[in-house]
There are 2 protein chains.
Amino acid sequence: MMKQILYYLLLLPAICFSQQSNKNYANYVDPFIGTEGGGHIFPGSSVPCSLVKLGPDCGNKFTNAGWESKTNIVGFSHVHVSGTGGGPKYGNILVMPVVGNIDLKDYSSPRSNEKASVGLYSVTLDKYHVAVRLSSSHSAGLHEYTFPKSKASHILIDAGSFLLKPHQNAETQQLVGSEVQILSNTEIQGYSRVRGGWNIGAAYTVYFYAKFDTPAKEMGIWKSGKMMPGIKGSFDDGNPTGAYFDFQTREGQIIKMKVGISFLSSAKAKENSKELNSWSMDAAKQEAETKWNAILGAVEINDSNEDNKKIFYTALYHSFLQPSDRTGENPKWFSSEPYYDDYYAIWDTFRATFPLYTLLKPSLNKDILRSLIDIYKYEGYMPDARSGNDNGRVQGGTDGDMLIADAFVKKLDGIDYQKAFEAMIKNAEISPGGDERKEGRGGLPDYNTVGFVSTNYERAGSRTLEYANNDYAIAVMAKGLGKEELYKKYRERASNWENLWNPDVESFGAKGFIWPRFKDKTWENANKFTTLKSGSWSSFFYESNSWELSFYVPQDVKKLVLKCGGYKSFENRLDTFFTHDMHDKSVSLGLFQVNNEPGFLTPDLYNYINKQDKTAAIVRKILSRFYNTSQAGLPGNDDSGAMSSWFAFQALGFYPNTGQDVYLIGSPIFKEVNIHLQNGHLLRITAKDAGPENIYIQSVFLNGLLLTKNWFRHTDIMKGGTLSFVMGNQPSGWSNNGELPPSMSDDK
Amino acid sequence: MMKQILYYLLLLPAICFSQQSNKNYANYVDPFIGTEGGGHIFPGSSVPCSLVKLGPDCGNKFTNAGWESKTNIVGFSHVHVSGTGGGPKYGNILVMPVVGNIDLKDYSSPRSNEKASVGLYSVTLDKYHVAVRLSSSHSAGLHEYTFPKSKASHILIDAGSFLLKPHQNAETQQLVGSEVQILSNTEIQGYSRVRGGWNIGAAYTVYFYAKFDTPAKEMGIWKSGKMMPGIKGSFDDGNPTGAYFDFQTREGQIIKMKVGISFLSSAKAKENSKELNSWSMDAAKQEAETKWNAILGAVEINDSNEDNKKIFYTALYHSFLQPSDRTGENPKWFSSEPYYDDYYAIWDTFRATFPLYTLLKPSLNKDILRSLIDIYKYEGYMPDARSGNDNGRVQGGTDGDMLIADAFVKKLDGIDYQKAFEAMIKNAEISPGGDERKEGRGGLPDYNTVGFVSTNYERAGSRTLEYANNDYAIAVMAKGLGKEELYKKYRERASNWENLWNPDVESFGAKGFIWPRFKDKTWENANKFTTLKSGSWSSFFYESNSWELSFYVPQDVKKLVLKCGGYKSFENRLDTFFTHDMHDKSVSLGLFQVNNEPGFLTPDLYNYINKQDKTAAIVRKILSRFYNTSQAGLPGNDDSGAMSSWFAFQALGFYPNTGQDVYLIGSPIFKEVNIHLQNGHLLRITAKDAGPENIYIQSVFLNGLLLTKNWFRHTDIMKGGTLSFVMGNQPSGWSNNGELPPSMSDDK
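Presented here is a report on the structure given in the accompanying data block. Remember, it's a predicted structure, so these values are computed and weren't measured experimentally.

## Overview of the interface of chain A and chain B
Interface size, as often reported, equals the accessible area lost upon joining of the parts.
Consideration 1: Contacts between chain A and chain B engage 31 residues on the former and 32 residues on the latter.
Consideration 2: Note on chain A versus chain B: buried area summed over both sides is about 2,300 Å², and carbon and sulfur give 55% of it.
Consideration 3: Among the residues of chain A in contact with chain B, A:R195, A:F235 and A:F334 are the three that bury the most area, contributing 22% of the side total.
Consideration 4: The interface formed by chain A and chain B contains 0 salt bridges.

Right, here's the structure in full:
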C-alpha cells in the first residue's frame, strides 16, 4: 500500500510539467536516413503532411522520391511521396537553374555539398556553379539560387517533367498535358497533368504560380523540346512544355523564387504562395522547424544515446511525411470534411503508423478518418491506397476497416462511426469488380460463399487471412454500435483463416500451415508449392510466404496457438522462424522478412504464450540490426513511414495490435520519455537501467501499480500517467504467469 | 432481261450526279421541334457534334436542355445535351445581360420574340429591353446584345451556374468549385467545376475565355451572392462565383462577346475562341449552316410535302447534335485517337442513330468507335453511357458491342477490331462490381453461370435479353475474326433469352412470355407480376414490360416465332400488341410504348413472317401519329436523337437490325431521295406514287433487279445504286413468298 502511494506521489510532478519543452527536436532529424538501400525516403523540404515536398529529381527520374545518390540532379520539383515502392508518382513542376547554353535534352548537373535538415535542402550544381537552397511551407516552395557571374544565367520551369518508370509499364506515369503562361518578367503560372504511377491512377493536375524576386531580362517558353524565344505562353496540346527566365548575374548574385502549388487552379496556387510571407530562407526553415517540432516535441526523450534519438526522431519525421493534407485542394467534390491524399498504402501504415498518430496526434487521425469516410461517401469505397486523387491499389485486405475499428476502441471522437461502419460493410459485401486491385475486396464471391479466397484469384492467401482480421474489425464495431446480428455474422467470418489452414503441411519441424486451396476445397500439392514461396501481386501470398502468413491471425492468436499444437509447439515455431536462416540477411532475421509488413506483429507473438522475454530479445535484435543512422538505415522501403513507425513504437517499449485496444510490451530503449499527449496529459515512460545489454524487463509499473501481464490498453494511458520499467540483462520471467493478451476466442 | 437492262441504264445518271447540291437544307430545320412534350430538344446554336451548344437556361434550371417555354430566361450557357431524360447535365458558363440594378438572387427575365434557326438563336429579354442573338462555332459562342439607353447596362458571367434537379437527389449536379479572373476591361477567363448529373459522373471542368468588342466602364466579381466591386478575380474556394462588366449604353447599342470553351484550360479556351474569326453574327450563322448542310445535304429529297421534309431534316439535325466531338479536349489522357463524349446513352442510339451515321457519315461512326475503344484502353470499359468525361449509366446491355458488330458487318474500315473485340469480351466476362450501373454488365455472376440474370439483380429481364443479343454481336465478331471457339461459346449464350421464356404465362390470347425467374430456376408468381408491369432502374423490365420485351430477340426472330407458336400465333401476337389499347395514347400504339427504345424494331417484325404489308401499315401509323412539326412533335424524350433517327430511317423506307447486315423494308414516304454516300457514290431511292394513302409496297427494284424479299443488306447499297419502290393504297403481298430476313438459328 505504501508502495502505491509512493508511486502516486511520483506521478504528480509529471502532470505539472505536461507542457512541451522548447527544445529543437528537428535537429535530431537527418532527412538522409533511409534514402538509400531501397528506403526511398524523400530528403527534401517539407512540413508535416504537407502538399509541397520540394526536393531534387535525379538521373533518369526513375526513383520513387526523386532523389538518387550518384546521378546528376535534373532539377527541383514540388510534389513527392516518401518511402514508397512500385512505380513512382509525382515529381511535378520542376525548376532548374542553368548557366550558359540551355540544352533541353539534358540540363542536369553533377552535385557537391549536398545537405539536408528539417525545412532546408542545399546543394551545389557543379556544372553551373550555382549554389541551391530550398525551403517550403505547406503548399509553397522557396528557392534560392546563388549564381556565378554570367550574362547567360537562366531559371527553367519544366511543366512537362515528372517521375516515371523505365519501360512504359502499367505503373509508369504518363503526361496528359501541360501549360505555362508567363505573366510578367517576375511571374509565371501553369500546370502539369499526369496519369498513372504506382496506383495506376486517373489524371491529376498540379497547378503552379511562381514569382521571382528579381526581374528577368528575357523570357520564353519551349514545347516538345523546341525553344520558342519571346513567346509568353502556349495552350495545352498534350505536349510537354516549360519556360525559361534569363538573367545577367554578378558573381554570387542570389535570385529567389516562391512557387505556390495547388491541385485546383493557378489562382489557388498563387494564393498558396502567400503562405511564404517573406523571401527569407531562414524564416521559412524556422517555420518548418516549428511545425515539425509541434509533432516531434510530443515525445521528449531524456537519454544519452544520441544515435538512438536521431533514429527515433527521424522515424517520427518519416511517419508524418504523408498522407498529404489536401483540405481545400480537392478537385473532385466540395465538402466541409478534411481531405487527405497519398495513402500509400494503408496496408502498410495501418499496423504502426496510424496507431502512432492515435497516440501522439489523435486530431490528425480523426481528420484522416473523416477524409476516408468522405471519400467513401463521394466515390463508393474507402481507399486502401490512394494517390493523385484516385483510389488504388489494394494489396491485401481492406485496411480502412482496421483504422476505423482502432479509432473506435481507442475512443477517438469526432468521427461518424455509423457512416464508417456502412463503408466497412460495403467493403465486406460489395465486390469491386472490374479492376479488383483498385479498391474493396477482390475475390469476394469466393470468400463470402466458400469461406476463403480460392486459387481462382490472385493473392488468395493474403486476402483470406487479412479479410478475416478485417471482419473481426467489423464485428468489434458492430458490437460497439449495438448491432448484435452483424456482430455474430462477422465474428464468424473472422475465423475464415482456418479454412486455409492445412494441418498436414510440415516444414522445419512445424506442422500446419496456411496453404493454397482450390474452390472445390482440395489443397494445392506440396510438390507445387512450398512454405517459403514468397510472392507479389499475382501470387498466393503477397510480400510474404506461408511461414510468415501462418502467423497472421492478429484477431485470435489464442486459436492460432491451438492450431499450431499448443504453447510449446508455437514457441518452437516462433524460435525456428527467427533463427532458421534462409533469406537475404540484410533484410531478414531467420525466416522473418523484416522489410515487409505482414510480419510486423510476429516478434510480439511470444507475449501470447507468456514468453515476453523472447519478444524483448527479438525486438531488440531487429532494432539494432536493421535500423541505424546511415543513408541505408532502414530495412527496405520505408513504406510511407511504416518501417519507421514500427521502430518508434518498439523503441518506446510497446507495440499495438491494430483494431484492438491492446499494446504488447516489448523492450524500451530509452531511459526516460515524456509523451505530451494531445489532450494535455503527460505520459511518462521510464526504463531504469535501459541500455544495449539491459534488454529484459524485470518489472513494470503502470501508474504506480505493478503490472503482472505483458500488455496494457490505450485507454489505460489516455489520461497520462507513468509507465515505469525496470530493465536487466537477464530474462526475468516477470510476466510469465500473467493474464494473456485478449483473443477473439476468449469471447464466448 | 430487257427490264434489267433498262434499270441499269436508269442507274447511270445517278452515278454521274453523285455530288451534293448546294441547297440550304438547314432552312428545313426547326430547332424548336421536340422542345416540348418531353422531347427535351436543345433549341440553341450548335454545329454537328459540337463542344459548344449555346442556348438559354430557364426557370429553376431544372430542364434537361436548359430551355423551357413559359418561365423566365436566367441566361445563356455554353454546354448542353439534347433530348435526354433523367437528371440534367451541364449548363455551364452562363452569360446574361442586365440593365439597372443587379439582383444576384434573381437576374432572370421574361422573354418575347423567341426564334431559332440553324446556327442562330434570338430573343428579347423583356425585363431589360435587351435583344439577344447567339451563334456558335464548334468550341466558341458568339453573343450579341442590343441594349437600351442606360447608364447601368451590365453583362454577367456566372461561373457558378449549372442545370440541376429539384431536391438534391443522386442525379443532380453539384458545384465542386468555380473561378473568374478579369484580365482587362474586355477580357475574362475562369472555370466551373461540377460533378453528378444523370450519369452520376465524376467532376468535370468547363474553362472559358471571353472577349468583348466594347471596353467596360467598370468590372467586378461576386462570390456566394455577395458583390465585390473592383475586385478582378478570386481563387477557387468551392463557392459559386461570377463577374460583371458594366457599360454605359446608347439606345440600340450593340455589345458583342466571344466565349471560347475548353475542357482543358482557359488558355485552350482562348485558343478555341479564335474559331470565330470575326464579330459577324451572319458569318457565324453561315458557317454553322455550311457545317450542318454538309450533314443534311447527304440526303437530297425531291418531294412536295414540305412538312415531311421539315420533320425529316430536323430529325437528321437531332441525330447529329451529339455525341460531342472533344478531340483535343480530353483531360484524362493524351492519345492520337479521336475523343467523343456525351453518349447519352448508347442503349438509346445503337438501334437507329449509329446505323444512320454508318449510312450517311461513316467517317463519324469510325471516329466515335475509335474513341470508344480508346476509352476502353484507358479506363477499362467501353461506355454504354458517358458524359462529363465519365462512364455511367448502363441501362441494359453493353451496347458498344452492338456498334462494333454493326460496323464490322457493314465493313467500316479504320477500326482496330481486334482491340474492340477484347473490349467486348471484357464486357461479357468481367463483372463491373461496385456500382453496376456505371459500366459493363451487372448481374454477370448469374448470367454467366445459370444462363440468366435472376431476380437477385435489378433489371434482370432487360439485362438477360439484351446480353443475349450482345453475345450474338460477340459471336458475329468472333466468327469474322476467325475465332471459332469463341464463336461457339457466344452463339450459345446468345440463346440465353430462352432461359427467361416462361411458356405458361398467358396474356390477351398470347402464350409464353419473358418472366422474372429466381436463381433456383423457379418462376415468379403470376399474382405478383403482370405482363404489363413497366419499370425503371430497379425493376425487372427497364422502360418496357413483358409484352414489349418478349419481342426483343433481334438476333433470332425465327426462334422467337417458334416459341410463340408459329407464324399465325406470332402474327396475332403482333396484331394484339399494336391494337390492344391500354396505355397513354399520346405515346402508345396499343401496348407499344412508342416513346421507349426496347420496341424500336417491333413494328418491322412482321417482315420475319412475311407480312410486310403489316409492317408498312404500322410504321406509317407511327410516323403520322407521333411525329409532326410542332414543339411537341416527338414521342417523349428524343433520347439523344434516337426517336429522330427512327423517323429518318423509316421515312427512307427501311430500318436496320443493328449488329446485322440487314435493312428491313418498311414504307418510304418520299417520292425521291438521293443519298450522297460519303464514299462518293449515289444511292437513289424512288417511291412511285408515294403519299399518305399509298403506304403499301407493290414492288421493289434494287439496282434494277426485282427484289422478292422484304430486306436487303447495307453491303448491297454501299456502292450506291437505285432502290425503286412502287407504292399503292392496298396491300400487295409483294414479298410474301420471299426469303425471310436472317436469324441466328438459320446457321447450323
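Once the structure has been displayed, the description carries forward.
## What about the environment of B:V587?
Consideration 1: Tracing the backbone through its elements, the reader meets B:V587 in the loop between α15 (567-579) and β24 (588-589).
Consideration 2: Apart from the residues within four sequence positions on either side, B:V587 is in contact with B:F592, B:Q593, B:V594, B:N595, B:F626, B:P635 and B:G636.

## Focus: the sheet that holds strand β10 (residues 187-196) of chain B
Consideration 1: In spatial order, the strands read β4-β5-β6-β7-β16-β11-β10-β9-β14 (chain B); together these 9 strands make up an open sheet with antiparallel pairing. Single-partner strands in this sheet number two, and they are β4 (111-117) and β14 (233-234) of chain B.

## Quick look at the packing of aromatic side chains
Residues and elements named next belong to chain B.
Consideration 1: Enumeration over the complete set of coordinates arrives at 94 aromatic pairs over all chains.
Consideration 2: A centroid spacing of 5.7 Å and a plane angle of 45 degrees characterise the contact between F577 and F592, whose relative ring orientation is tilted. Here F577 is found in helix α15, whereas its partner F592 is found in strand β25 (residues 592-593), with 15 residues between them in sequence.
Consideration 3: Residue F577 is classed as buried on the basis of its relative accessible area, which comes to 0%.
Consideration 4: Residue F592 is classed as buried on the basis of its relative accessible area of 1%.
Consideration 5: Relative to Y655, the ring of F649 has its centre 6.3 Å away and its plane inclined at 80 degrees; by these criteria the two rings are edge-to-face. The pair F649 / Y655 is uniform in exposure class, with both members buried.

## A word on the packing of helix α16 (residues 612-626) of chain A against helix α17 (residues 642-652) of chain A
Residue and element names in this part refer to chain A.
Consideration 1: Between α16 and α17, the least distance of the axes is 11 Å, while the angle of their chain directions is 130 degrees. Accordingly, the angle class assigned to the pair α16 and α17 is oblique. At the point where α16 passes α17, the crossing takes the left-handed sense. Contact residues: α16 offers V619, I622 and L623, while α17 offers W646, F647, Q650 and A651.
Consideration 2: Class assignment for the residues of the contact of α16 with α17 results in 6 nonpolar, 1 polar and no charged.

## A word on the relation of the copies chain A and chain B
Consideration 1: For the match of chain A to chain B, the screw axis carries a shift of 0.0 Å, the RMSD comes to 0.0 Å, and the turn is 180 degrees. In symmetry terms, the pair is related by a two-fold rotation axis. Relative to the rotation axis, the C-alpha of A:G433 is the closest in chain A, positioned 1.8 Å from it.
Consideration 2: Counting the interface residues of chain A, we find that 100% of their copies in chain B are interface residues as well, pointing to one common contact surface.

Reading guide: rules and limits
- Residues numbered from 1 in each chain as written.
- Chains lettered and ligands numbered in written order.
- Predicted model: local features only at pLDDT ≥ 70, side-chain atom pairs only at ≥ 80, totals over all residues.
- Heavy atoms only, no water.
- Contact = heavy atoms within 4.5 Å.
- Buried area = accessible area lost by both parts, 1.4 Å probe.
- Salt bridge = Lys/Arg side-chain N within 4 Å of Asp/Glu carboxyl O.
- Helix = DSSP H or I, 4+ residues; strand = E, 2+ residues; numbered from the N terminus.
- Pairing = 2+ DSSP bridges.
- Phe/Tyr/Trp six-rings, centres within 6.5 Å; stacked < 30°, edge-to-face > 60°.
- Buried < 20%, exposed > 50% of the residue type's maximum accessible area, 1.4 Å probe, protein only.
- Axes fitted to C-alpha atoms, helices over the stretch in contact; angles between N-to-C directions.
- Parallel < 35°, antiparallel > 145°, perpendicular 65-115°, else oblique.
- Left-handed = near helix turned anticlockwise from the far one by under 90°.
- Nonpolar A, V, L, I, M, F, W, Y, C, P; charged D, E, K, R; others polar.
- Least-squares fit on C-alpha atoms with pLDDT ≥ 70 in both.

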